[in-house]
Amino acid sequence: MKLVEESQDLRVPVTEKSGRIHTSAVSVAILPQADEVDVQLRNEDLRIDTYRSGGSGGQHANTTNSAVRITHIPSGMTDAIQDERSQHMNKAKALKVLCAKLYEIERSRV
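Residues numbered from 1 in each chain as written. Predicted model: local features only at pLDDT ≥ 70, side-chain atom pairs only at ≥ 80, totals over all residues. Heavy atoms only, no water.

### What about the overall build of the protein chain?
Per the secondary structure count, the protein chain includes two helices and five strands. Reading the protein chain from its N end, one meets helices and strands in the order β-β-β-α-β-β-α. Taking all 110 residues of the protein chain together, the buried fraction comes to 23%. Accessible surface computed for the protein chain: about 8,200 Å², of which carbon and sulfur atoms make up 49%. (Helix = DSSP H or I, 4+ residues; strand = E, 2+ residues; numbered from the N terminus. Buried < 20%, exposed > 50% of the residue type's maximum accessible area, 1.4 Å probe, protein only. Areas by Shrake-Rupley, 256 points an atom, 1.4 Å probe, with all protein chains shown as cover.)

Below, the structure is given as structure tokens:
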């Protein structure tokens, strides 16, 4: 089961002098959390790429390959994470999300 919640916000900030409306939107996908016994990932089935994350972060972001992209070769499914400053933490998050996606595919087949 995958649940996607979308929300949009229309507002006029107090700092807006000309009365323009500001909008912001967010989408959240809720995936089941797969246990390690539910989905078995073999190292030879994964391609792990590291690269420099985008956005702000100053000198640290410009010199460190902390963003991680993991591709599950048999399914072609890819997940990329650049939330954390640590490559190890990003890799762990990407593996969790990838496992949840693969688990959801397996559950939908049954």
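### Quick word on the nonpolar core
Judged by nonpolar contacts, Val39, Leu46, Val68, Ile70, Met77, Ile81, Ala94, Leu98, Cys99 and Leu102 together constitute the single largest core of 10 residues. For this core, the secondary-structure elements that each account for two or more residues are strand 4 (67-72), strand 5 (77-81) and helix 2 (87-109). At four residues, helix 2 tops the list of elements feeding residues into this core. (Core = buried A, V, L, I, M, F, W, Y, C linked by side-chain atoms within 4.5 Å.)

### With respect to the environment of Gln82
Positionally, Gln82 belongs in the loop between strand 5 and helix 2. Considering only alpha carbons, one finds Gln82 and Asn65, 17 residues apart in sequence, at a separation of 9.6 Å. When neighbours within four sequence positions are excluded, Gln82 is seen to be in contact with Tyr51, Ser53, Gly54, Ala67 and Asn90. (Contact = heavy atoms within 4.5 Å.)

### So, the side chain of Thr71
Note that Thr71 resides in strand 4. Those residues within four positions of Thr71 in sequence are excluded, and the remaining contacts are Asp45, Leu46, Arg47, Gly76, Met77 and Thr78.

### What about the side chain of Asn90?
Secondary-structure assignment places Asn90 in helix 2. Apart from the residues within four sequence positions on either side, Asn90 is in contact with Ser66, Ala67, Val68, Ile81, Gln82, Asp83 and Glu84.

### Side note on the pairing of strand 5
A one-sided burial pattern is seen for strand 5, the buried positions being Met77, Asp79 and Ile81 and the unburied ones Thr78 and Ala80. Across five bridges, strand 4 lies against strand 5 in antiparallel orientation. Note on strand 5: the bridge partner recorded for Ile70 is Asp79. Between strand 4 and strand 5, which pair antiparallel in sequence order, lie four residues; one of them, Gly76, sits at a positive phi of approximately 80°. (Pairing = 2+ DSSP bridges.)

Shape descriptors only; they carry no functional weight alone.
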